[in-house]
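# Examining the three-dimensional arrangement
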Amino acid sequence: DVKVTQSSRYLVKRTGEKVFLECVQDMDHENMFWYRQDPGLGLRLIYFSYDVKMKEKGDIPEGYSVSREKKERFSLILESASTNQTSMYLCASSDRGPDNEQFFGPGTRLTVL
Amino acid sequence: LAKTTQPISMDSYEGQEVNITCSHNNIATNDYITWYQQFPSQGPRFIIQGYKTKVTNEVASLFIPADRKSSTLSLPRVSLSDTAVYYCMTNTGFQKLVFGTGTRLLVSP
């Protein structure tokens, strides 16, 4: 079974803190994604990566950065957390090609106070 | 800007067929249409994907009309365990991944 794991299920941080969200997949997938999920807005793509050290902006990259140093790991970084970044963050991975099935992690619910 | 819309919620009873329609008026020629299911406290899970006409797998069918401006996910004989949020998604390459806002399906006994 494909497994996508995220470092934390729940996280509480203070405004201005630097936040790291880690995602690891065990299926040797080329593509990895970070989404945020908010009520009434569905899933919105923050960043994606189609190869090691490659990254591309999604729809809402402002306030976020990412890192992919190894194929199995994709990190989302909030350089200076703000209250409007309180959300559910979902990581996903898929095999090569944009149309392939995405496998999602369980999500990290981040609260910024 | 591509936009994908779907009903906010739907109610059904066990054993009924449920059809959830998604509107994607600005779908591009190369876009695929994919549906995901999400249970509370879990990430979305792939259900079905199609490009045109009809696709069927062991859990659902996907109907796509000729103009491809909408698609309908059909769940035959739903059970209580089908209570979830259902998302449609269109994608033309990575930078055009557009999820709908989700349809909350409640199945009652």
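Residues numbered from 1 in each chain as written. Chains lettered and ligands numbered in written order. Predicted model: local features only at pLDDT ≥ 70, side-chain atom pairs only at ≥ 80, totals over all residues. Heavy atoms only, no water.

Turning our eyes to something else, we now look at the overall build of chain B. Of the regular secondary structure elements, chain B holds zero helices and ten strands. For chain B, the succession of helices and strands along the chain, N to C, is β-β-β-β-β-β-β-β-β-β. Rg of the C-alpha trace for chain B: 13 Å, near the compact-globule value of 13 Å for 109 residues, within the 12% margin. Expressed along its principal axes, the backbone C-alpha trace of chain B runs to roughly 40 × 30 × 20 Å. Counting every position in chain B, which comprises 109 residues, the buried fraction comes to 46%. A fraction of 54% describes how many contacts in chain B between residues 6 or more apart in sequence connect residues 24 or more apart. (Helix = DSSP H or I, 4+ residues; strand = E, 2+ residues; numbered from the N terminus. Rg over C-alpha atoms; globule rule 2.2 N^0.38 Å. Buried < 20%, exposed > 50% of the residue type's maximum accessible area, 1.4 Å probe, protein only. Contact = heavy atoms within 4.5 Å.)

Right, let's talk about the interface of chain B and chain A for a bit. Taken together, the contact pairs 19 residues of chain B with 24 residues of chain A. Summed over both partners, the interface of chain B with chain A buries about 1,800 Å², with 58% contributed by carbon and sulfur atoms. Counting the contacts that link chain B with chain A gives zero salt bridges. Of all the secondary-structure elements, those providing two or more residues to the side of chain B that touches chain A are β3 (32–38), β4 (45–50), β8 (84–91) and β9 (97–99) of chain B. Grouping the amino acids of the side of chain B that touches chain A by side-chain chemistry returns nine nonpolar, ten polar and no charged. (Buried area = accessible area lost by both parts, 1.4 Å probe. Salt bridge = Lys/Arg side-chain N within 4 Å of Asp/Glu carboxyl O. Nonpolar A, V, L, I, M, F, W, Y, C, P; charged D, E, K, R; others polar.)

Let's shift gears to the pairing of strand β7 (residues 65–70) of chain A. Residues and elements named next belong to chain A. Note that β7 and strand β8 (residues 73–78) share four bridges and pair antiparallel. Note on β8: the bridge partner recorded for Ser65 is Ile77. As consecutive antiparallel partners, β7 and β8 are separated by two residues. (Pairing = 2+ DSSP bridges.)

Time to look at the layout of surface pockets. Its volume calculated, the largest pocket comes out at about 700 Å³. Forming the boundary of the largest pocket are 32 residues, of which A:Gln37, B:Gln38, B:Val85, B:Tyr87 and B:Arg104 lie nearest the centre. Elements that contribute at least two residues to the lining of the largest pocket include exactly β4 (31–38) and β9 (87–94) of chain A together with β1 (9–13), β8 and β10 (103–108) of chain B. A total of four residues in the lining of the largest pocket trace back to one element, the largest contributor, which is β10(B). Here the lining of the largest pocket is built from residues that sort into 14 nonpolar, 13 polar and five charged. Estimated volume of the second largest pocket: approximately 580 Å³. (1 Å grid on protein atoms, 1.4 Å probe; cavity = no way out; pocket = protein on both sides within 12 Å on 5 of 7 lines; lining within 4 Å. Points joined across faces, edges and corners; volume = space filled by probe spheres on them.)

With that settled, consider the state of the cysteines. Using the criterion set out here, one finds two disulfides over all chains in the structure. The disulfide bridge from A:Cys23 ends at A:Cys91, spanning 1.9 Å between sulfur atoms. Measuring the twist about the S-S bond at about -75 degrees, one finds the A:Cys23-A:Cys91 disulfide to be left-handed. Of this pair, A:Cys23 sits in strand β3 (residues 19–25) while A:Cys91 sits in strand β9, and the two are 68 residues apart along the sequence. Judged on exposure class, the residue A:Cys23 and its partner A:Cys91 are both buried. Across the disulfide from B:Cys22 sits B:Cys88; the S-S distance is 1.9 Å. Taking the torsion about the sulfur-sulfur bond, which here is approximately 45 degrees, the covalent link between B:Cys22 and B:Cys88 counts as right-handed. Here the residue B:Cys22 occupies a position in strand β2 (residues 18–23), and B:Cys88 occupies one in strand β8, the gap between them amounting to 66 residues. (Disulfide = S-S within 2.5 Å.)

Let us look at the sheet that holds β7(A). All names here are of chain A. Across the sheet, four strands lie side by side as β1-β3-β8-β7; this open sheet has antiparallel pairing. Two strands bound the open sheet, and with one partner strand each, they are β1 (4–6) and β7. On average, each strand axis in the sheet is tilted by 20 degrees relative to the strand beside it, whichever way the strands run. (Axes fitted to C-alpha atoms, helices over the stretch in contact; angles between N-to-C directions.)

Residues and elements named next belong to chain B. If you check the backbone angles, Thr53 has positive phi at about 60 degrees while not being a glycine. Along the chain, Thr53 turns up in strand β5 (residues 53–56). Residue classification places Thr53 among the exposed positions, given a relative accessible area of 51%. With a phi angle near 50 degrees, Arg77 is a residue other than glycine that sits in the positive phi range. Mapped onto the fold, Arg77 is located in the loop between β7 (70–75) and β8.

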